[in-house]
Amino acid sequence: MHMQLRHLRYLVYAIEQGSIGKAAARLGISQPALTKSLRMLEKELDVPLLERTSTGVSATPYGRTLYAHAKAVDAEIDHAQAEIGQLRGKHLGSVHIGALPSIAGGLLARAVATVGEKNPDFSARIVEKMNFELLPGLRRAEFDFVVGLVEDATELGVRSRVILRDELCVIAGAGHPLTRLDKVRESDLVRYPWLFPMVGASHRHVLEHYFAAAGVQPPTAKIETTSVQMIKSVVQYGNYIGVLPMHVMETEIGDGRLIRLPVRSGALKRTIAIHHRESHPLSTAARALMRAIEMVCARVPPPTVD
């Protein structure tokens, strides 16, 4: 088998663009040339990789399998080029990161800014993902490392280092009726509309566990979102209740736009870790950013005592 890296990259573009024409334009080659290369790849493997329709192309089961491996190969080549550049003293390099939305916009942003200020050649690509998407992306070599929740099960081939133990705070706007109470019970909380994280998001499981531990039926989500900014804005301007970690809303809590309700529960605590592949050596840029993240997290106050 003489599979060419160029053909693998062509397949990735075709699948991601969903169109031979769009992929060819992005690659800077003609559509017939791209079609010929993809046909050669299918002939070499003796399986159909793409399903062609009147609206474009989509991956067959064979195509999806090869796509995952092609993405990993492409990422490894990028890493190799970056590391060679570092050995030549060219620059610090780039890093690809996946992170929870509740981490990316606050703690991770501070760490990235710190590394960037000290290293003008540093670059990063940061993707916000729900927790169940992070480790699969790491296994596919889409990321150098990810910042997500610590799961109960050990992930084979993945090394994890705990960097933060925080908790979710139940929040409401300054004028919400519950802000006038000295004690808020779970039965009080379910009387009001809630913003819930979307199914699969990290906060969703924590919230459901919290209400289940209290023996209360979880409230129906009136609004579902994975956006931290959306949660803060809707809670601030409406009669909704939401949850966020304190470190992403310090400004809003400090100036009174958001109020932390007097709710405390061990079920609302989380453990955050950096996860990376054992078999993949971390670049200089990745190691520098990981150290910066750990330093930022070390300054976060610990969760309150139940």
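Residues numbered from 1 in each chain as written. Predicted model: local features only at pLDDT ≥ 70, side-chain atom pairs only at ≥ 80, totals over all residues. Heavy atoms only, no water.

**Brief notes about the overall build of the chain**
The helix and strand inventory of the chain stands at eleven helices and eleven strands. Across the 306 residues that make up the chain, the buried fraction comes to 44%. Sequence separation of at least 24 residues holds for 74% of the intrachain contacts in the chain that already meet a minimum separation of 6. For the chain, the accessible area works out to roughly 15800 Å², and carbon and sulfur atoms hold 52% of it. (Helix = DSSP H or I, 4+ residues; strand = E, 2+ residues; numbered from the N terminus. Buried < 20%, exposed > 50% of the residue type's maximum accessible area, 1.4 Å probe, protein only. Contact = heavy atoms within 4.5 Å. Areas by Shrake-Rupley, 256 points an atom, 1.4 Å probe, with all protein chains shown as cover.)

**Re the nonpolar core**
Counting 36 residues, the largest nonpolar core has Phe145, Val147, Leu289 and Ile293 as its most contacted members. For this core, the secondary-structure elements that each account for two or more residues are strand E3 (94-99), helix H5 (101-118), helix H6 (131-139), strand E5 (145-149), strand E6 (158-173), strand E11 (269-277) and helix H11 (284-298). At nine residues, H11 tops the list of elements feeding residues into this core. Ignoring sequence-local partners within four residues, the contact set of Phe145 consists of Val95, His96, Ile97, Gly98, Leu138, Ile274, His275, His276, Ala286, Leu289, Met290 and Ile293. Membership of the second largest hydrophobic core comes to 19 residues, among which are Phe211, Ile241, Ala267 and Leu268. (Core = buried A, V, L, I, M, F, W, Y, C linked by side-chain atoms within 4.5 Å.)

**Concerning the pairing of strand E2 (residues 56-59)**
Pairing geometry for strand E1 (residues 50-53) and E2, over four bridges, is antiparallel. Residue Arg52 lies in a different strand from E2, and its bridge partner there is Val57. Turn length for the E1-E2 hairpin, with the two strands adjacent in sequence and antiparallel, is two residues. (Pairing = 2+ DSSP bridges.)

**A short note on the pairing of E5**
Within E5, five of the five residues are buried, which leaves the element mostly enclosed by the surrounding structure. Of the pairings in the sheet, the one linking E3 to E5 comprises three bridges and is parallel in character. From the neighbouring strand, Ala99 faces E5, where its bridge partner is Val147. Direction of pairing for E5 relative to E11: antiparallel, over a ladder of four bridges. Considered in E11, the bridge of Val146 is made with His275.

**A look at the environment of Leu289**
Mapped onto the elements, Leu289 comes out in helix H11. Once the C-alpha coordinates of Leu289 and Val115 are considered, the two residues, 174 residues apart in sequence, prove to be 6.4 Å apart. Beyond its immediate sequence surroundings of up to four residues, Leu289 is in contact with Val95, Ile97, Ala111, Val112, Val115, Phe122 and Phe145.

**A closer look at the confidence of the model for the chain**
Regions with low pLDDT carry predicted coordinates that are not meant to be interpreted in detail. When pLDDT is averaged along the chain, the result is 85; 90% of the residues meet or exceed 70. Of all secondary-structure elements in the chain, the lowest mean pLDDT belongs to helix H4 (residues 61-87), at 73, while strand E10 (residues 258-260) reaches the highest, 95. (pLDDT = per-residue confidence, 0-100.)

**Notes on the packing of helix H1 (residues 5-17) against helix H3 (residues 31-45)**
At a minimum axis distance of 9 Å, the contact between H1 and H3 shows a crossing angle of 110°. When the axes of H1 and H3 are compared, the pair comes out roughly perpendicular. The handedness of the crossing between H1 and H3 is left-handed. Contact with H1, carried on its side by Arg6, His7, Tyr10, Leu11 and Ala14, involves Leu34, Ser37, Leu38, Met40 and Leu41 of H3 and no other residues of that element. Classifying every residue of the contact of H1 with H3 by side-chain character gives seven nonpolar, two polar and one charged. (Axes fitted to C-alpha atoms, helices over the stretch in contact; angles between N-to-C directions. Parallel < 35°, antiparallel > 145°, perpendicular 65-115°, else oblique. Left-handed = near helix turned anticlockwise from the far one by under 90°. Nonpolar A, V, L, I, M, F, W, Y, C, P; charged D, E, K, R; others polar.)

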